[in-house]
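What the coordinates show
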Amino acid sequence: MDDLAQSGATGGENEMFRYVLGVKGDFDLMGRDWNWDFSYNKGKTESTSFRTQLVQENYEKAIDVTTDANGNIVCVSADPDCVPLNIMGIVTDQAAIDYVTTPGFTYGELEQEVISFNMGGEVMNLPAGPLAVAFGYEMRDEFSSFKPDDFMAQGLGRSAALSPLSGGFDTKEFYAETLIPVIGSDWIPMVEGMELEGSWRNVDHSQAGADDTWSVGTRIMLDLPVMGSLTLRGNVTEAIRSPAVTEAFLPLSETFSFANDPCDTRFVGQGENPAQRLANCQAEAAAAGVAYDSGAFQSTVVNATAVGQVGGNPDLVNERAESSTWGFVWAPGFAEGLEMTVDWINIDIQDAIQNFSLTTLMEACYDGEQGNVACGDFVRDSNFQIVDFTTGFRNAGFYNFRGVQSELSYSFDMNSWGVPGSFDVGANVFHIKEQQFSVTGADLEVDKGEHGFSELKAGFRVNYTLDNLTAGWNTQYIGEANVDNDDTAESRDIRVIPEYWLNNAHVGYQFSDNLSARLSVRNVFDVEPPEGVNSFAALGYYDILGRYVSAGVNYKF
């Protein structure tokens with residue numbers, strides 16, 4: 001009878017205040033212009049939200065009924081407030097609805113205080129142009145809290161109990177940046193210029209400690225006969241990401257989870273190294289004195305949830321990323337308005353902060369070295385079944401990504417052909433060459449080609465403008481993908497999600513400076529999500545609503 005709660009009232013209220021104080025100025029330093037600014041920013045947001053919840057204890061009483069001496073339906077319970085509930089069909093008895101439902105409230109608070117100072121200007125003239133620098137300091141203090149009411153905290157409904165959360169951190173950051181011209185515009189034929197840029201930042205995080213980040217990049221601008229303008233660009237960066245409040249301080253709370261147990265007969269033959277997975281399962285069972293048959297063992301957690309805990313991790317450290325991007329921007333001289341960009345992207349992250357599921361932790365345990373740290377996150381009983389676990393945020397061993405991103409755009413008109421207005425046509429392609437991660441550093445999980453990480457994604461757009469009229473069409477493409485790269489014929493019937501096309505259209509008109517109207521159609525051809533994904537798995541990747549028409553009028557005053 002979840003419809004009792006889902007059809008009930010849902011609402012919320014947010015209160016936010018923010019004030020900013022800032023000053024800026026400029027001055028002359030040895031005949032050169034410099035500028036500076038200082039700002040103080042403080043904000044606070046308080047939110048209250050509620051949603052109708054089913055009171056499980058009252059629901060059980062309300063459906064446990066009998067008849068009294070007069071033939072009236074009454075509750076078996078001695079609770080004088082109990083109202084019998086007829087669960088056949090749509091519930092219309094308001095007294096019964098009031099008895100089995102209640103609003104569940106949650107309260108949130110977020111505070112942030114930021115102080116920053118920045119200064120920049122030109123230091124000297126180099127042969128190719130002025131050397132520019134910038135530097136500054138920023139201090140940021142953040143605090144966040146979340147509190148459920150007693151009903152939600154005790155888990156008296158049909159969801160797991162919610163735990164209160166509060167925590168905060170502060171950071172102190174210094175930075176310096178520079179732009180160095182290396183080659184002037186008239187030095188070398190066909191070379192318009194070359195410049196180097198560099199940046200450095202020191203971050204002192206109260207929770208994760210201190211770290212340095214830096215970036216070095218270059219651009220070479222060419223003007224080639226016939227070929228047109230060509231800019232070669234690249235950069236190398238070392239960056240960090242500190243844990244967020246929820247990642248570090250979320251209290252442990254009860255949760256329920258399914259999992260594809262790697263020792264189950266349906267999954268023991270999967271993974272990057274099935275032989276190692278099998279050997280680890282057998283070794284653990286033998287050490288526990290459990291009779292384990294890899295050809296027959298069926299884990300209950302595959303089809304029935306196990307009870308465990310989920311929460312944050314105060315021991316998280318900064319994740320560190322080493323990345324590089326190399327590419328070009330080309331504007332052909334023979335086609336005005338045409339531009340193409342292509343970039344090769346490399347990202348390697350150590351200690352990546354990830355929210356690992358029970359399946360991922362179990363795969364890391366059995367696909368890595370025997371008895372590695374991931375094996376301590378779940379517990380088996382004497383029958384080799386999962387009876388407890390702890391999931392949440394961990395520092396992963398590593399995360400690697402390689403890919404190519406490209407975009408083509410062309411703006412033009414056809415007035416010479418007698419066609420009024422202007423056109424803007426564009427296309428983009430994103431190709432994943434490598435995407436993988438490791439929980440412990442010894443195991444390996446390949447995401448490339450899996451649901452959500454199709455090797456190929458693309459988009460196409462065409463927009464038309466005529467005076468105050470605009471119209472457009474865009475198409476999105478997602479290539480085929482595996483539901484799970486580890487699947488075998490024994491573990492899943494439909495293992496491949498076919499390619500997917502989504503088409504959208506819009507038209508708008510600007511009646512005046514103040515008045516405009518727009519009509520949009522999403523999923524023009526009413527295409528359903530592809531075979532192999534349900535509505536939950538499709539959410540965020542494929543359209544689940546079908547053709548959707550929206551219209552709006554905007555008036556500024």
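The structure under discussion appears in the preceding block.
Quick caveat, the model's predicted, so the values are computed rather than measured.

1. A word on the overall build of the protein chain
When helices and strands are counted, the protein chain shows eight helices and 27 strands. Taken over the C-alpha atoms alone, the protein chain extends approximately 100 × 65 × 50 Å along its principal axes. Burial analysis of the protein chain (557 residues in total) assigns 37% to the buried set. Considering only residue pairs separated by 6 or more positions, the protein chain has 67% of its internal contacts joining residues 24 or more positions apart. For the protein chain, the exposed area adds up to about 30,500 Å²; of that, 55% sits on carbon and sulfur atoms. Each charge class in the protein chain was averaged separately, 31 positive and 81 negative side chains, and the resulting centres sit 3 Å apart.

2. Brief notes about the pattern of salt bridges
Considering all chains together, one arrives at 26 salt bridges under this definition. With a closest N to O distance of 2.3 Å, Arg320 and Asp211 form a salt bridge. Of the two residues, Arg320 is situated in strand S13 (residues 319–331) and Asp211 in strand S9 (residues 209–224); the sequence distance between them amounts to 109 residues. Overall, Arg320 belongs to the partly exposed group, its relative accessible area being 21%. Between Asp264 and Arg266 there is a salt bridge, with the nearest N and O atoms lying 2.8 Å from each other. Given the relative accessible area of 0%, Asp264 is considered buried. When its relative accessible area of 22% is taken as the criterion, Arg266 is described as partly exposed.

3. Description of the nonpolar core
Counting residues in hydrophobic clusters, the biggest one holds 33 residues, and the most contacted among them are Cys263, Tyr292, Leu358, Phe378 and Phe384. Those elements that provide at least two residues to this core are helix H6 (274–288), strand S14 (338–350), helix H7 (358–367), strand S17 (386–395), strand S18 (398–414) and strand S19 (419–438). For this core, the leading source of residues is H7, giving six residues. Residues contacting Phe384, with those up to four places away along its chain left out, are Cys263, Cys281, Glu284, Ala285, Val290, Tyr292 and Phe297. Counting 12 residues, the second-largest nonpolar core is a separate cluster that includes Leu54, Tyr59, Ala62 and Val91.

4. Considering the environment of Asp486
Looking at where Asp486 falls in the secondary structure, it is placed in the loop between strand S23 (481–482) and strand S24 (496–497). C-alpha separation for the pair Asp486 and Glu272, spaced 214 residues apart in sequence, amounts to 8.1 Å. Apart from residues lying up to four places away in sequence, Asp486 is in contact with Gln270, Gly271, Arg277, Glu363 and Glu445.

5. Some points on the layout of surface pockets
By volume, the largest pocket is sized at about 1,100 Å³. Around the largest pocket, the lining is made up of 26 residues, and of these Ser357, Glu450, His451, Val483 and Asp484 lie nearest the centre. Within the residue set of the lining of the largest pocket, elements represented by two or more residues are strand S15 (353–356), H7, S19 and helix H8 (535–538). Along the lines of polarity and charge, the residues of the lining of the largest pocket split into 10 nonpolar, 10 polar and six charged.

6. Re a negative patch on the surface
Residues Asp26, Asp28, Asp33 and Glu122 make up a contiguous surface patch of negative charge. Counting through the fold element by element, Asp33 comes out in strand S2 (residues 32–54).

7. Focus on the state of the cysteines
Taken as a whole, this structure holds three disulfides when the rule is applied. With a sulfur-sulfur separation of 2.0 Å, Cys263 is cross-linked through a disulfide to Cys281. Every disulfide takes its handedness from the sign of the S-S torsion; for Cys263 and Cys281 that torsion is -90 degrees, giving left-handed. Of this pair, Cys263 sits in the loop between strand S11 (253–257) and H6 while Cys281 is found in helix H6, placing the two residues 18 residues apart along the sequence. One exposure class covers both Cys263 and Cys281, and it is buried. Taking only the cysteines that form disulfides and numbering them from first to last, the protein chain has the pattern 1-2, 3-4, 5-6.

8. A short note on empty space enclosed by the protein
If a probe the size of a water molecule is rolled over the atoms, the empty space left behind becomes visible. Taken as a whole, this structure holds one cavity of 30 Å³ or more when the rule is applied. Taken as a whole, the largest cavity holds about 40 Å³ of empty space. Broken down by element, the lining of the largest cavity gets its largest block of residues, four residues, from H7. Broken down by class, the residue content of the lining of the largest cavity amounts to four nonpolar, one polar and four charged.

9. Some remarks on the packing of aromatic side chains
By the definition in use, this model includes 21 aromatic pairs. Considering the side-chain rings of Tyr477 and Trp501, the 4.6 Å spacing of their centres and the 50 degrees angle between planes classify their relative orientation as tilted. Placement of the pair is Tyr477 in strand S22 (residues 469–478) and Trp501 in strand S25 (residues 500–510), with a sequence separation of 24 residues. Tyr477 gets classed as buried once you look at its relative accessible area, which sits at 13%.

10. Examining the environment of Glu111
Tracing the sequence through the fold places Glu111 in strand S5 (residues 101–126). Residue Glu111 is classed as partly exposed on the basis of its relative accessible area of 24%. Put simply, Glu111 and Val419 are 308 residues apart on the chain and 56 Å apart in space, counted from C-alpha to C-alpha. Setting aside its immediate chain neighbours within four residues, Glu111 contacts Lys42, Gly43, Lys44, Asp141, Glu142 and Phe143.

11. Quick look at helix H2 (residues 56–63)
Restricting attention to buried positions, one finds in H2 the residues Asn58, Tyr59 and Ala62. Here the buried residues of H2 occupy an arc of 105 degrees about the axis, which is enough to place them on one side.

12. Focus on the packing of H6 against H7
Axis separation between H6 and H7 bottoms out at 8 Å; the angle between their running directions is 90 degrees. Judged by the inter-axis angle, H6 sits roughly perpendicular to H7. Note on element contacts: H7 touches H6 through Glu363, Cys365, Tyr366 and Asp367, opposite Gln276, Arg277, Asn280, Cys281 and Glu284. For the contact of H6 with H7, the class distribution of residues is three nonpolar, two polar and four charged.

What counts, and at which threshold
Residues numbered from 1 in each chain as written. Predicted model: local features only at pLDDT ≥ 70, side-chain atom pairs only at ≥ 80, totals over all residues. Heavy atoms only, no water. Helix = DSSP H or I, 4+ residues; strand = E, 2+ residues; numbered from the N terminus. Buried < 20%, exposed > 50% of the residue type's maximum accessible area, 1.4 Å probe, protein only. Contact = heavy atoms within 4.5 Å. Areas by Shrake-Rupley, 256 points an atom, 1.4 Å probe, with all protein chains shown as cover. Lys, Arg positive; Asp, Glu negative; His and termini not counted. Charge placed at Lys NZ, Arg CZ, Asp CG, Glu CD. Salt bridge = Lys/Arg side-chain N within 4 Å of Asp/Glu carboxyl O. Core = buried A, V, L, I, M, F, W, Y, C linked by side-chain atoms within 4.5 Å. 1 Å grid on protein atoms, 1.4 Å probe; cavity = no way out; pocket = protein on both sides within 12 Å on 5 of 7 lines; lining within 4 Å. Points joined across faces, edges and corners; volume = space filled by probe spheres on them. Nonpolar A, V, L, I, M, F, W, Y, C, P; charged D, E, K, R; others polar. Patch = residues over 30% accessible without salt bridge, like charges linked within 9 Å, V, L, I, M, F, W, Y side chains within 5 Å. Disulfide = S-S within 2.5 Å. Phe/Tyr/Trp six-rings, centres within 6.5 Å; stacked < 30°, edge-to-face > 60°. Arc of directions from axis to C-beta. Axes fitted to C-alpha atoms, helices over the stretch in contact; angles between N-to-C directions. Parallel < 35°, antiparallel > 145°, perpendicular 65-115°, else oblique.

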